[in-house]
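# Structural overview for review
Each chain, letter by letter, is given below.
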Amino acid sequence: MRTTKYLVRSAFAATALVACAALVAPGAVAVPAPTSGTAPVGIDEPTLALPEPTGRYPVGVTPLHLVDEDRPDPWVPAERRELMVSLWYPAVPRGEIAPYTNEAVSAAIIGSAGLPFSPDILTTVETHAHDRAPALPGRRPLVVLSPGASLSRESLTALAEDLASRGYVVAGIDHTYEARAVEFPDGRVAGCLLCERENTAELGAQVARGRSADISFVLDELTRGRLWRHAPTIDARHVAVVGHSLGGAAAAVSITDDPRVDAGVNMDGTFQVDFPEAGVGRPFLMLGSASHQPGASDGTDWPDNFARLGAASRWLQVPAANHGSFTDQLVFLDQLGVPLPGGPGTVDGERGVEITTAYVGAFLDRHLRGRAAPLLDAPSAAYPEVEFQG
């Protein structure tokens, strides 16, 4: 039996968090050991805020606690697989704006990055989603988000809010024991067992497949009926999986293994498991930094996998992007005054989010809604940073 808990008045109020400077290399599994972060005495810390969503709908967000009673946890087999999920959706703009994260998760991220700021600084991020707001009427396509290794679901909040504002239901998954911290409704905090493991091809493939199982379980839970009285109505006939880094590898496994997935997106992730030689027969977007372009040291598996995709798929390269450009990470680093990884010439945080939301949104609009998306057909003067490959 599987159990789902809708958190109505729980003290767990986190709806998003960021792995602010723990920028994992594309497809990497090993991450740095935690250190401590402490704000300098007498220094005012800057205000952190996400970019405004571009769509016409107000956004709501609700945290869900899901337990798969039929599946052992791959990291701690004595436990059942337990996940936290944030659900963003078009909503009645009612109630308070949801916080970005909670103190325990913020402290774990700031500590692991060794940033000289208050451990709770990520709890102050300004978001745009109303906490547990009722959903607007209408049946919505579903987009599942899988974050990178050591990152949490909140690292993709800007993308989630933007897609929800454009009419999608978006489910961001915390893959337990694979993020710096995951807090459950009863106050337990699961640390990152993945972070303690050596980065190997075997482990990467194993984790990508495990995440695909998480995604399939979440699809089971979200498409079997309304989760609570004011929940959004999900159109189970139109589903996509979008992942960053290791989450992008999981998206590739999911579109291969789960027939419910109609489209997939890999944002700058090494393919831990290759597509089958016969392809997958469904559209897939590869959106990457220079590390995955042809001839790059980390890019050898991108040409091979793209060759197995059909004409509806796209491979877009952003040479000036950093691995974190497709997440909230660089937005916050800019606002904190921290030099961007990659140095001068790297697209700034807000521009990275703008590019990501534009191209991922266009791809989903085309393949989940059947809408025109000319942005996917040729280079655009509005986004000169983006190059077409393949």
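Shown above is the structure to which this text applies.
Remember, predicted model here, so these are calculated numbers, not experimental data. (Residues numbered from 1 in each chain as written. Predicted model: local features only at pLDDT ≥ 70, side-chain atom pairs only at ≥ 80, totals over all residues. Heavy atoms only, no water.)

### A few points about the nonpolar core
The nonpolar side chains of soluble globular proteins are, as a tendency, buried together. Residues Val143, Val242, Met267, Tyr359, Val360 and Leu364 are the most contacted members of the largest nonpolar core, which totals 39 residues. Put simply, the parts of the chain that give this core at least two residues each are β2 (59–72), β5 (139–146), α2 (157–165), β9 (233–244), β10 (263–267), β11 (284–289), β12 (314–318) and α7 (349–369). Per-element accounting of this core gives the leading share, eight residues, to α7. In this structure, Val360 is in contact with Leu159, Val242, Val265, Met267, Leu285 and Leu287, ignoring residues within four places of it in sequence. With 38 residues, the next largest nonpolar core counts Leu64, Tyr89, Val241 and Phe306 among its residues. (Core = buried A, V, L, I, M, F, W, Y, C linked by side-chain atoms within 4.5 Å. Buried < 20%, exposed > 50% of the residue type's maximum accessible area, 1.4 Å probe, protein only. Helix = DSSP H or I, 4+ residues; strand = E, 2+ residues; numbered from the N terminus. Contact = heavy atoms within 4.5 Å.)

### Here's the deal with the side chain of Ser325
Inspection of the secondary structure assignment puts Ser325 in the loop between β12 and α6 (329–336). You can call Ser325 buried: its relative accessible area is 2%. Other than its neighbours up to four places away in sequence, Ser325 contacts Leu330, Thr346, Val347, Gly352, Val353 and Thr356.

### Quick look at the side chain of His130
Note on placement: His130 falls in strand β4 (residues 129–131). The contact partners of His130, leaving out residues within four places of it in the chain, are Val59, Gly60, Val61, Pro93, Arg94, Gly95, Glu96, Ile97 and Ala98.

### Quick notes on the environment of Tyr89
For Tyr89, the location among the structural elements is in strand β3 (residues 80–90). Overall, the relative accessible area of 0% leaves Tyr89 in the buried class. Note: C-alpha distance between Tyr89 and Pro232 (143 residues apart in sequence) is 6.7 Å. At 2.6 Å, the side chain of Tyr89 forms a polar contact with the backbone oxygen of Ala133. (Polar contact = N/O pair within 3.5 Å; in protein donor to acceptor, adjacent residues only side chain to side chain.)

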